[in-house]
Amino acid sequence: MSALDIFENDSDDTKSAIMRATYHALCEHGYANLTIQRIGDEFAKSKSLLYHHYDSKDELLVDFLEFVLEKFKADIPAEEYDDPCAHLREVLDHVVPPTLDAERYEFTSAMIELRAQAPHDEAYREQFSRNDRFFRQQFADVVRDGVETGAFRDVDPEQAAALLVTTINGSMLERVTTDDAEDAIRATRRELDAYIDSHLLAESGE
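About the criteria used
- Residues numbered from 1 in each chain as written.
- Predicted model: local features only at pLDDT ≥ 70, side-chain atom pairs only at ≥ 80, totals over all residues.
- Heavy atoms only, no water.
- Domains from an automatic or database assignment.
- Contact = heavy atoms within 4.5 Å.
- Buried area = accessible area lost by both parts, 1.4 Å probe.
- Salt bridge = Lys/Arg side-chain N within 4 Å of Asp/Glu carboxyl O.
- Helix = DSSP H or I, 4+ residues; strand = E, 2+ residues; numbered from the N terminus.
- pLDDT = per-residue confidence, 0-100.
- Buried < 20%, exposed > 50% of the residue type's maximum accessible area, 1.4 Å probe, protein only.
- Phe/Tyr/Trp six-rings, centres within 6.5 Å; stacked < 30°, edge-to-face > 60°.
- Lys NZ or Arg CZ within 6 Å of the ring centre and 35° of its normal.
- Core = buried A, V, L, I, M, F, W, Y, C linked by side-chain atoms within 4.5 Å.

### Concerning the domain arrangement of the protein
Phase 1: Entries for the protein in the domain assignment read domain 1 (1–76) and domain 2 (77–206).
Phase 2: Distance between the C-alpha centres of domain 1 and domain 2: 26 Å.
Phase 3: Tallying the contact residues gives 24 residues for domain 1 and 24 residues for domain 2.
Phase 4: A per-residue breakdown of the area domain 1 buries against domain 2 is headed by Leu65, Lys73 and Ile76, which together make up 29% of the total.
Phase 5: Between the two partners, domain 1 and domain 2, sit two salt bridges.
Phase 6: Arg130 is paired through a salt bridge with Glu66; the nearest N and O atoms lie 3.7 Å apart.

Below you can see the structure in the form of structure tokens.
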């Protein structure tokens, strides 16, 4: 999913327009240089509407963060899978793809910038905590299904999910904060696949 996909099916109401303007301004200016005025420059409607709905940049950004995280979660592959291993790999393909196009890179950069505010701001921390809990639960459910059907070994689903989410978060951070990260990300993904094969998959006849 690219960032454009987040807004693809949105109506043109004020809330959606504000979220879209916030995204474009954040990608262009970054968190430190972002202002309500710069968001207003991307907003096709009256700038007074921004000040009517939000008193500060951070109030708007926390609302934006909740908006995009909910959209991102809704796009996670959730259809029925006969094979838990295939389901797990499909989710990994979605959240840690081997390469990022420019739009997805900008989106990831914006999320990392906002996550960097979490150590100092409870509202940001709450949003990212909820997001990480969601993904841990998603992965735990897939692993638990695999254990119950005999496709996976008798592992602890929550521990497996914690490892996967922590690794994914680390790969996102490295991807947008270091040079030449793509080789490392592909290596990380290979190791995640190796983890599934060696640690999760039940041996034939088990």
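### Let's talk about unusual backbone geometry
Phase 1: Of note, Asp180 is a non-glycine position whose phi angle comes to about 55 degrees, a positive value.
Phase 2: Within the element layout of this structure, Asp180 appears in the loop between helix H9 (157–177) and helix H10 (182–200).

### Overview of the confidence of the model for the protein
Phase 1: Looking at the protein, the pLDDT average stands at 87 and 91% of residues meet or exceed 70.
Phase 2: Within the protein, H9 carries the highest mean pLDDT (94), whereas helix H1 (residues 3–8) carries the lowest (62).

### A closer look at the pattern of salt bridges
Phase 1: Taken as a whole, this structure holds 13 salt bridges when the rule is applied.
Phase 2: Two residues, Arg130 and Glu70, come together in a salt bridge whose shortest N-O distance is 3.8 Å. Highlighted residues: Arg130 in helix H8 (residues 122–149) and Glu70 in helix H5 (residues 57–74), separated in sequence by 60 residues.
Phase 3: Residue classification places Glu70 among the partly exposed residues on the basis of a relative accessible area of 35%.
Phase 4: Where Glu203 meets Arg153, a salt bridge forms, and the shortest distance between an N and an O atom there is 3.4 Å. Of this pair, Glu203 sits in the segment after H10 while Arg153 is found in the loop between H8 and H9, placing the two residues 50 residues apart along the sequence.
Phase 5: We classify Glu203 as partly exposed; its relative accessible area is 48%.
Phase 6: Connected via shared salt-bridge partners are Arg89, Asp93, Arg189, Asp193 and Asp197.

### A few points about the packing of aromatic side chains
Phase 1: Summed over all chains, the structure comprises two aromatic pairs.
Phase 2: Between Phe134 and Phe135, the ring centres sit 5.3 Å apart and the planes meet at 85 degrees, which makes this aromatic pair edge-to-face.
Phase 3: Note on Phe134: relative accessible area 23%, which makes it partly exposed.
Phase 4: Judged by relative accessible area, Phe135 falls into the buried class, the value being 8%.
Phase 5: Above the plane of the ring of Tyr31 lies Lys57, whose end atom (NZ or CZ) is 4.0 Å from the centre.

### What about the nonpolar core?
Phase 1: Formed by 54 residues in total, the largest nonpolar core has its most connected members in Phe64, Met111, Leu114 and Phe139.
Phase 2: Elements supplying a minimum of two residues to this core: helix H2 (14–29), helix H3 (36–41), H5, helix H6 (84–95), helix H7 (102–115), H8, H9 and H10.
Phase 3: The dominant element in this core, judged by the number of residues it contributes, is H5, at nine residues.
Phase 4: Residue-level mapping places this core at the junction of two domains, with at least three residues from each of domain 1 (1–76) and domain 2 (77–206).

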